[in-house]
Amino acid sequence: MRLVELGLTRFGGFTDARLDLSAPGLHVIHGRNEAGKSTALRAIRALFYGIPHITSDAYLHDELLLFARVVGADGSELAFQRRKGRKNTLLAPDGSPLEERVLSRLLGGVNQALFETTFGLDHERLRRGGAEIAAGGSDVGHTLFDAGIGAGSVKRLLDELRREADELYSPRTQARTKLINAALREHKERVELVRTASTRPQAWADQKKELVAAQAALGDVEARRSEHKRRLAAAEELVKVLPLVARRDAARAKLELVGGAPPLPQDAAERRIGAERDLAATERDLERTALELAGVERELAELRVPEALALLDDRRLDALRERLGKYRDARVDSAKRQAELAAAKASLARGLAALGRDDTEPRALVVHRADLARVGSLAVERAGLEAARAQAEARLGEARAALAALEAEVGLEPWRAADPGVPADALDRALPSLERVDAFARRFANGDQAREKLEATRSALERERATAETELAEIALAGEVPTEAELLRVRQERDARLLELRSSRASESRVALEQLAGIEELVRRADEVSDRLRREATRVARFAALEARRRSAAAALEGSSASEAVLASEAAALAADWTQLWREVALEPLAPAEMRARLERLLRAREKRAELHTAAARARTLVASADAALAEAGRRLVAWGERWAEAVRAMGLGPGATPAEATEVGAALAELATTATVAEELRHRIRGMEQASTAFEAEVAEIARRHLPELVEAAAREVEWAASEIFRRHRACRELERQVSELEARRARAIARSDELGARRESALAELALLMQVAGVTDRAQLPDAEARAATRAQAETEIAALERDLAALTGSADLDALGARARGVALAEARARVAELDEELAQLDAEHAAARDRCGAAERGLARYDDSETAADAQVEAETWLAKVRAAAERWARLQLGWRILRDEVERYRASHQAPLLARANELFPRLTLGEHSALVVDHDADPPVLCAVARGGARVAVEQLSDGARDQLYLALRLASLEHYARASEALPVCLDDVLVHFDEPRTRATLALLGEVASQLQVLLFTHHEHVVTEAVKVVPASALSVHELRRGEPPRRRERSELGG
Amino acid sequence: MKIVHAADLHLDSALSGLERYEGAPVHRIRGATRRAFENLVALALDEEAALVLLAGDIYDDEWKDYSTALFFRRQLGRLVEAGVKVVWLRGNHDAASRLGQHLDLPVGVVELSHKRPVSVAFDELGVVVHGQGYATRAVTENLALSYPEPVPGAVNVGLLHTSVDGREGHAPYAPCALADLIDKGYDYWALGHVHTREVLCERPWVVFPGNLQGRHVREPGAKGATLIEVADGRVVGVEARALDVVRFGVERVDATDAASADEVLARTRDALSAALADADGRLLALRVIVEGASGAHGELCRDPERFVAELRAIASEVGGEELWLEKIRLATREAADLAAMAARDDAIGQVFRGLAALRGSAGGRSELARELAQLTHRLPASLRSGPLALDWNDPTGFDALLDDVEQLLLSRLSAGDDA
């Protein structure tokens, strides 16, 4: 396949660049560094196999695109495009997708890698190819094979495959580090572990059988052992029972000895002794009690109590004893009171005589205390009444004087004196308020102020206008000032004229010419104004500003005149209001300040007048009230005189008596009345004492008569002594009575004691009788013997019961008589010997039992060992993983092993089939490339494997490794070219791309090589990329022009084919 | 009332084909079949199932460790203790295995006779289970035909270990037609033997629950039991429950148009993440097949080990201990035209012609086989024959091996010095 056109539509630095490669022969593509030589090479690769996703050629264009036209060996032509992308990157020239196989048919089964290695060559690869032949020992097969592919060293590849296979596996069993060997070993170990860790079903079954057997044996020995134990227990029981049975028999014999002795209570003896002791003691006490009783009876008989006296009531005697004391006191007090009565009677008689009423009954003289008090209070009241009357008179006088003074002051009018213009009735008229006057004052002031301000503004405006006018005049002196208005006007006129001219449609007439002249004039004027406006812009501006100021000031002045008129009318209205205000009061309206002072005065006077009127009214009221008070005082004094007359009449005085007189008489009367009362009381008391003495004497006489007749006489004589005697005798009588009662109590106690002792004695006798009855004796002396026999019986019976309890407990049997019968025939020693014998046998059985139990335990443990362990299963899992590893590695190994084997064989086959033709052609090429330095290439068949040698000019054989680098390059190039030519003869060859392969060649060899390439290019399309100009020069020299095309690549320019004329040569 | 139906426990049958590598979570695949059976027991207890049906192949006939039987007994003990009834029968593997012998299963576990068809009635449940186990490894008669007639008024369940009318990869034991089963008039056929879950019919129900735990990549996807719900004397619900602890799967990565190995790795990473998400936290044992005509083919073929190592690193990163790359198969194709290459009269063409010649020559093949024999004779028997045997033991596999060799040589030869 030939590439006849290469289009770099958008690729690398190229845009729409085309290389025409249609000419036959060698194509030299020259470009300096960076000119795009490598880009073009990459473009060819990309055209055939696609643009890589990561590319260095996309720096200029986003969507890379290439174009190519190729011709197959069969003459078929294909034009296509290649774009960058993942799918459908092969396109027809019209952009429609093309299937890859359309192209791959022309690529002859060469993939990208092979295209690069087989059909591409650069100086580095050339150098490496030569070196590898040498390094590979010049093995002919390898060398030819390598040259055929151009990719690298097949020897190295074979070594690599060998090594990789060997790393995986070695047939030597002891190889341990090889992956497969190691994994196989691991696998084997796991499999072995599975085997050893597995439980065989039979082993488990056997173990289970053994367990069943062991359990049966254990059961058997346990049964025998328990029977034996039962027998041993019986023997041991007998050993324990024998002594008890013997003791029971002895006790029974003892019981028979006491025969049928009646059983007595356990405490019978104790009870008997106690009863006998009680009996003796009781009888002793009974005798003692009888003696005591007899003594008491005797004493009682000796005592005699006087009966009459005993009947005398103790309370009556107590009252008499109290009255005796009072009787003795009264005899003393009575004499003293008689003397006091006589003195009072004398004092009374003296007082009556002093008042001149000695005839009067003292009782009638008594004046009531209330009357005396009334006289006293009336005397005091009189003084108060007189003082009140005097005060009332004084107040009346004062009030009258004050009223007169006020009435005098009302008559004066001081305000009129200060302002004579004020009418007399001014105070009674409606006066305006001070606030209102103040409001007027403010309005007057405001008006004045506004007028002043207006005046100031006016004068300022006038000054401004004057200034502006002055400056305007100055500017006007400097010449007329152009204005926008003027410009506008002139222009309007011009335009109007023009319009007129246009509408007249008489432009050619004379009139029109004149009009044109006029318009010209107007144009000129407008321009002039316009120019001046521009030129004198400052002046114009200044003028306009001043004019504006002047106009503004004038307008403001007009405004201020209007304001002035308004102010004047407001002032007139205010004055009218002011006058109207004062007309009401009939006062002449002066200035507001004066009117305010006047008004203040009037207001103060009106206030003062009102105050005076109020005070006069109050003074008149006071005069009237003082008058009334005086009259009242007089009335009260008259009433007092009446009450006084009534009061003194009770004392025997006339109404004319003075209070002092009345007081003195009253005091004397009161004293007399007191004395009379005292005398009365004394008389009364003396009479009481006499009555009490008489009653006491009567009582004493009465008591003596009733209870102590022997004292009746003495009582009449010596009442006090008689009374004392009564008291003494009565006390003696009471003492006797107490002694009698005490003896009677003792007698009662002795009788009770005697009864109690009798009962106790009976009780002791009864106890003894009972005991005798139980013991079956008639005599108390027989009791002790009966008691002894009963005790012996009880003891024997208790012992027998205890022994029988023990026996029952030991044997668990109720039938003790049978037991006794059984035991009786046996000796204790005999029984003990039997126990020992059985013990020995049991020990033997125990040992047998332990052995059976051990066997059973062992069997159970043995079975328990067979649990559901996962050890074997886990080992199996692991074995499988190793197996899988072996499997995977084995597959890899097989690939490598066979790959190695097949490759080795095929290299040899290739050599066998290709050696002759390839070496024949290489033998033509190599001498030419070495300029005859080496005449031929031969195979040294003596070597194993056969090796390639060069024949030097002199005929000597030179091993490849001894050749110079250059010679080796040429050797390799010769072989590559021979292979390519051979290939091209039978298969679809692709363009051969040589990238500066001649770098290391000297000029003569370069020439020779170029000449050769020129020849080769007749069979193969050869594209030689170079950036050396001399290569071009040499090519021109040695390659016929018909077989050479030179293409120039320059950066930033489209590729260009150099014409023959440019190539010289 | 609920019934759990499972089959093909193959207890302690080891998971196979999981290539060991550095960091592979070996501990996660140990005891997988046991864990799956424990899950089954837990399911029965959690769902308060009244009855558990095991349709044969409790054991794996090649497995000889009695511990497995003891494990089975202990797990059944848990069910019986909770009052769950268990009915099981022997499948072909159990018939061939010695593990079931001597074993005294807990009271309440019923094994259906392998001598004649029997019926077991659970009056309190209103369920009758009919069935017959395998007396020998290969039962070739149609057992279903002689199963007892259904009991009126009860839920009739047929327990049967069968391949029905044949299932790929399963021996045709106790063959029968689906119609035989349907015609019997049972409510539910609880089948076993076929490891892939399949509902053959819904009226009546004829169900293969599949095995409890996938054991290699040829048993991919969720594995477990069937939960049957019975109400008012009929089957009202049939539901698959996943109980497996390790899940096998195959992930095909399309490398078409991938320009580089890195790109293929990136695509694979995405595929792994997606596959992991579907495994519900189980260990995922994944076979990765990279395929398609790819620009990365040469790079992959030149050094497949490197690619595998990188992929494993990615798997560890993406899945940690949740992911085991069972195998990584590079099945990409070269874009180039191999026929055209072979036609070339050059060194490359020579190699391809040589390979083509070897394929067609018995002598050449046997020569190459001899070359491999140095390893083959050292391999364990299971790699020489049987399901795990290396491919090259049969002609097709050998051709595939030669294809691989061809790709290896082409890629290495093309790479030249740059490789």
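Cut-offs and rules
Counting starts from 1 at the beginning of each chain's written sequence and moves along it residue by residue. Just so you know, chain letters begin at A and ligand numbers begin at 1, following the order they were written in. The model is predicted, so local features are restricted to residues of pLDDT at least 70 and side-chain atom pairs to those at 80 or more, both for listing and for counting; the totals for chains, interfaces and linings are taken over all residues. Secondary structure elements follow DSSP: runs of H or I of four or more residues count as helices, runs of E of two or more count as strands, with numbering from the N terminus. Burial in this document is a count-based property: other C-beta atoms within 10 Å of a residue's C-beta are tallied, and the residue is buried at 20 or more, exposed at 12 or fewer, or partly exposed in between, with C-beta positions derived from the backbone. Throughout, a pair of residues is in contact if the C-beta atoms placed from their backbones lie within 7 Å. We call a set of buried Ala, Val, Leu, Ile, Met, Phe, Trp, Tyr and Cys residues a nonpolar core when their C-beta atoms link them within 7 Å. Gly counts as polar in this scheme, as do all residues outside two lists: the nonpolar Ala, Val, Leu, Ile, Met, Phe, Trp, Tyr, Cys and Pro, and the charged Asp, Glu, Lys and Arg. Multiplying 1.5 Å by the residue count of a helix minus one yields the expected span of that helix. Pairing between two strands requires that DSSP report at least two bridges joining them. Structural elements are reduced to axes, namely lines fitted to C-alpha atoms, with helices fitted over the stretch in contact, and the angle between N-to-C directions of any two is expressed from 0 to 180 degrees. Residue-level confidence of the predictor is summarised by pLDDT, bounded by 0 at the bottom and 100 at the top. Oblique is the label for every angle not falling under 35 degrees (roughly parallel), over 145 degrees (roughly antiparallel), or within 65 to 115 degrees (roughly perpendicular). By convention the crossing between two helices is left-handed if the near helix lies anticlockwise of the far one by an angle smaller than a right angle, and right-handed if it lies clockwise.

1. Some points on the overall build of chain B
Alright, step 1. Looking only at helices and strands, chain B has 13 helices and 15 strands in total.
Alright, step 2. The burial tally for chain B puts 48% of its 419 residues in the buried class.
Alright, step 3. A fraction of 71% describes how many contacts in chain B between residues 6 or more apart in sequence connect residues 24 or more apart.

2. Here we look at the overall build of chain A
Alright, step 1. Summing up its helical and strand segments, chain A has 29 helices and 14 strands in all.
Alright, step 2. Each of the 1065 residues in chain A was classed as buried or not, and the buried ones make up 25%.

3. Looking at the nonpolar core
Alright, step 1. Of all hydrophobic cores here, the largest spans 246 residues; its most connected members are B:Leu40 and B:Leu53.
Alright, step 2. If we skip the residues at most four places from it in the chain, B:Leu40 touches B:Val4, B:Ala6, B:Leu212, B:Ala225 and B:Leu243.
Alright, step 3. By size, the runner-up hydrophobic cluster in this structure holds 9 residues, among which are A:Val700, A:Ile703, A:Leu711 and A:Ala723.

4. Describing the interface of chain A and chain B
Reports of interface size often rely on the accessible area that becomes lost once the parts have come together.
Alright, step 1. Facing the 69 residues of chain A at the interface are 69 residues of chain B.
Alright, step 2. Taken together, the elements giving at least two residues each to the side of chain A that touches chain B come down to α3 (112–118), α5 (140–149), α7 (179–197), α8 (201–257), α25 (871–929) and α26 (965–986) of chain A.
Alright, step 3. Looking at which element gives the most residues to the side of chain A that touches chain B, the answer is α25(A), with 30 residues.
Alright, step 4. Of the residues contributing to the side of chain A that touches chain B, the split by class is 31 nonpolar, 19 polar and 19 charged.

5. Here we look at helix α1 (residues 37–49) of chain A
Residue and element names in this part refer to chain A.
Alright, step 1. Under the 1.5 Å per step criterion, the end-to-end length of α1 is 19 Å for 13 residues, consistent within 8% with the ideal 18 Å.
Alright, step 2. Within α1, burial applies to Thr39, Ala40, Ala43, Ile44, Ala46, Leu47, Phe48 and Tyr49.
Alright, step 3. Backbone geometry just downstream of α1 places glycine 50 in the positive-phi region, at approximately 105°.

6. Observations concerning the pairing of strand β5 (residues 118–122) of chain B
Consecutive residues of a regular strand have side chains that alternate between opposite faces of the sheet.
Alright, step 1. The pairing of β5(B) with strand β6 (residues 127–131) of chain B spans 5 bridges and is antiparallel. By the bridge assignment, B:Val118 is partnered in β6(B) with B:Gly131.

7. A look at the sheet that holds strand β14 (residues 1056–1058) of chain A
Residues and elements named next belong to chain A.
Alright, step 1. Here 6 strands make up an open sheet; going across it, the order is β7-β11-β12-β3-β13-β14 and the pairing mixed. Two strands in the sheet have a free side with no partner beyond their single neighbour: β7 (120–122) and β14. Going across the sheet, the axis of each strand differs from the next one's by a mean of 25°, ignoring polarity.
Alright, step 2. Relative to strand β11 (residues 992–995), β7 runs parallel, the two sharing 3 bridges. Looking at β11, one finds that leucine 121 is bridged to leucine 994.

8. Examining the environment of B:Asn142
All names here are of chain B.
Alright, step 1. Secondary-structure assignment places asparagine 142 in the loop between β6 and β7 (155–161).
Alright, step 2. Taking the C-alpha atoms as reference points, asparagine 142 and alanine 177, 35 residues apart in sequence, are found 8.8 Å from one another.
Alright, step 3. If we ignore the near neighbours within four places in the chain, the residues touching asparagine 142 are Ala174, Pro175, Cys176 and Asp180.

9. Quick look at unusual backbone geometry
Alright, step 1. In this chain, A:Asp944 is followed by A:Pro945 through a cis amide linkage whose omega measures -5°.
Alright, step 2. With respect to the secondary-structure elements, A:Pro945 resides in the loop between β8 (934–940) and β9 (947–952).
Alright, step 3. Residue B:Pro204 follows B:Arg203 across a cis peptide bond; omega there is -5°.
Alright, step 4. As for its position among the elements, B:Pro204 is in the loop between β9 (198–202) and β10 (205–208).
Alright, step 5. Residue A:Asn88 is not a glycine yet carries a positive backbone phi of 50°.
Alright, step 6. With respect to the helices and strands, the residue A:Asn88 is situated in the loop between β5 (77–83) and β6 (90–91).
Alright, step 7. Using a count of 12 C-beta atoms within 10 Å as the deciding quantity, one classes A:Asn88 as exposed.
Alright, step 8. Of note in the backbone geometry, B:Asp57 takes a positive phi value of approximately 60° without being a glycine.
Alright, step 9. Along the chain, B:Asp57 turns up in the loop between β2 (51–54) and α3 (67–81).

10. What to know about the confidence of the model for chain B
Residues and elements named next belong to chain B.
Alright, step 1. Taken as a whole, chain B shows an average pLDDT of 89; of its residues, 98% reach a score of 70 or greater.
Alright, step 2. Per-residue pLDDT, averaged within each element of chain B, yields its smallest value for helix α9 (residues 338–343) (73) and its largest for strand β1 (residues 2–6) (97).
Alright, step 3. Complex prediction metrics read pTM 0.58 and ipTM 0.91.

11. A look at the environment of A:Ala183
Residue and element names in this part refer to chain A.
Alright, step 1. As for its placement among the helices and strands, alanine 183 is situated in helix α7.
Alright, step 2. Sequence-wise, alanine 183 and valine 886 are 703 residues apart; in three dimensions their C-alpha atoms are separated by 5.9 Å.
Alright, step 3. Discounting residues that sit within four places of it in the chain, alanine 183 has contacts with Trp882, Lys885, Val886 and Ala889.

12. Details of the packing of α25(A) against α26(A)
All names here are of chain A.
Alright, step 1. Between α25 and α26, whose axes approach to 8 Å, the crossing angle comes to 135°. Of the possible angle classes, the one that applies to α25 and α26 is oblique. Viewed along their axes, α25 and α26 form a crossing whose handedness is right-handed. Where α25 abuts α26, its residues Pro917, Leu918, Arg921, Ala922, Leu925, Phe926 and Leu929 lie against Gln970, Leu971, Leu973, Ala974, Leu975, Leu977, Ala978, Ser979, Glu981 and His982.
Alright, step 2. Here the residues of the contact of α25 with α26 sort into 12 nonpolar, 3 polar and 2 charged.

13. Overview of the packing of α5(A) against α26(A)
Residues and elements named next belong to chain A.
Alright, step 1. Contact pair α5 / α26: the axes reach a minimum separation of 8 Å and the direction vectors enclose 65°. Relative to α26, the element α5 is oriented roughly perpendicular. Of the two possible hands of crossing, α5 and α26 adopt the one that is right-handed. On α26, the residues that touch Thr143, Ala147 and Gly148 of α5 are Tyr972, Leu975, Arg976 and Ser979.
Alright, step 2. Looking at side-chain class alone, the contact of α5 with α26 contains 3 nonpolar, 3 polar and 1 charged residues.

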